[in-house]
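Overview (structure and organization)
For reference, the chains in residue letters:
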Amino acid sequence: MSKSNGKLNVAAVADLHVKEDASVSYKDLFAEVSSVADVLVIAGDLTDRGKPYEAELLAADLKHCLIPVAAVLGNHDYESGHAGEVMRILSEAGAHILDGQNVEIEGIGFVGAKGFAGGFGRHMLSSFGEPAIKAMVAESVDEAMRLENALRKVRTDRAVVVLHYAPIADTVQGEPPEIYPFLGSSRLSETIDRFKVTAVFHGHAHNGTYKGTTPAGTPVFNVAAHIEKPTGRPYAVIEV
Ligand SMILES: [Fe+2]
Ligand SMILES: [Fe+2]
């Protein structure tokens, strides 16, 4: 339900890494989130190894989430070659799994794509040399274009972008600088900045920094579960 000011509380978390040994349960966390927010965003690495059984465990926990869920997959969800199956299981559990799509929830457009690596600013990897390097850059460009296509379809005043990879370097700070290029790509923020976006959520950089902004000033939140947040909980709550 939207508040009297027409805004929604969006809870966001990433990098749940649900394991098949069921060592961690998110039931209580999802129940808690349902009492403090209107929508839950999960920004990738839903499972630890991308195994369908891990997705089934998460799907069971999601029964305790009483608010709509918008999520993207992360790199870990691709590890076992069953990303389609993981997506199907979580979609059947009621989550909106966004892979270059958008969904409107309570008047807000949630736009999701996994994103990809490639580096930041003028140090981004360029399409030069061996075919393997060119393929990597092509993947990065392709993910940015999937995000762009989804952003173009938004018909609401407010849009929230959900990624797994970081769109800016500021929110990966805290990680070793040597791995920054594997944590995200400025191609994502260049795309975001061509549209009116209210907030961006991502994960992947477990040791990164909670908050930053795109070059045009859109707020970006790294909501990896391990990062300290103003809520003092694994999830952030942002009014959108
Ligand atoms: Fe992760
Ligand atoms: Fe990741």
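Up top you'll find the structure we're talking about.
Report on the accompanying structure. Values in this document were obtained by computation on a predicted structure and should not be read as measured data.

1. What to know about the packing of aromatic side chains
On inspection of all chains with the given rule, the structure shows four aromatic pairs. Seen in terms of ring centroids, Tyr 26 and Phe 30 are 6.1 Å apart; in terms of plane orientation they differ by 35°. Their pairing is tilted. Residues Tyr 26 and Phe 30 agree in their burial class; the two are buried. Aromatic pair Tyr 210 and Phe 221: ring centres 5.5 Å apart, planes at 50°, arrangement tilted. Taken as a pair, Tyr 210 in the loop between strand E8 (199-202) and strand E9 (211-213) and Phe 221 in strand E10 (residues 219-222) lie far apart in primary sequence, 11 residues in all. For Tyr 210, a relative accessible area of 13% translates into the label buried. Three or more aromatic residues link up through ring pairs in this structure, and these residues are Phe 201, Tyr 210 and Phe 221. Across from the ring centre of Tyr 78, 5.6 Å away, lies the NZ or CZ of Lys 114, which sits over that ring.

2. Concerning the pairing of strand E7 (residues 158-162)
Taken across its five residues, E7 has four buried, putting it largely inside the fold. The pairing of strand E6 (residues 108-112) with E7 spans five bridges and is classified as parallel. From the neighbouring strand, Ile 108 faces E7, where its bridge partner is Arg 158. The β-α-β motif built from E6, the intervening helix H4 (residues 131-152) and the parallel element E7 has right-handed crossover chirality. Across three bridges, the pairing between E7 and E8 is parallel. Paired with Val 161 across the two strands is Val 200, which belongs to E8.

3. What about the coordination of the iron ion (ligand 2)?
Looking at the metal site, the iron ion (ligand 2) is ligated by Asp 45 (OD), Asn 75 (OD1), His 164 (NE2) and His 204 (ND1), spaced 2.2 to 2.3 Å from it. Angles of 89 to 158° at the metal separate the four donor atoms of the iron ion (ligand 2), which places the site in the irregular class. Mapping the donors of the iron ion (ligand 2) onto the primary sequence yields the spacing D-x29-N-x88-H-x39-H. Metal-to-metal, the separation of the iron ion (ligand 2) and the iron ion (ligand 1) is 3.4 Å; Asp 45 coordinates the two. Taken together, the residues Asp 45 in the loop between strand E2 (39-43) and helix H2 (52-62) and His 164 in the loop between E7 and helix H5 (186-192) connect sequence positions 119 residues apart. For the pair formed by Asp 45 and His 164, the shared burial category is buried.

4. Considerations on the sheet that holds strand E3 (residues 69-72)
Spatial ordering of the open sheet is given by E4-E3-E2-E1-E11, a layout of five strands whose pairing is mixed. Both edges of this open sheet fall to strand E4 (96-97) and strand E11 (236-239), since each of them pairs with a single strand only. In this sheet, E11 lies alongside strand E1 (residues 9-13) in antiparallel orientation, the contact comprising four bridges. Bridged to Asn 9 within E11 is Glu 239.

About the cut-offs
Residues numbered from 1 in each chain as written. Chains lettered and ligands numbered in written order. Predicted model: local features only at pLDDT ≥ 70, side-chain atom pairs only at ≥ 80, totals over all residues. Heavy atoms only, no water. Phe/Tyr/Trp six-rings, centres within 6.5 Å; stacked < 30°, edge-to-face > 60°. Buried < 20%, exposed > 50% of the residue type's maximum accessible area, 1.4 Å probe, protein only. Helix = DSSP H or I, 4+ residues; strand = E, 2+ residues; numbered from the N terminus. Lys NZ or Arg CZ within 6 Å of the ring centre and 35° of its normal. Pairing = 2+ DSSP bridges. Right-handed = clockwise from strand over helix to strand, strands pointing away. Donors = N, O, S within 2.8 Å, 3.2 Å for Na, K, Ca; no water. Tetrahedral: all angles 85-135°; square planar, octahedral: opposite > 155°, others 65-115°.

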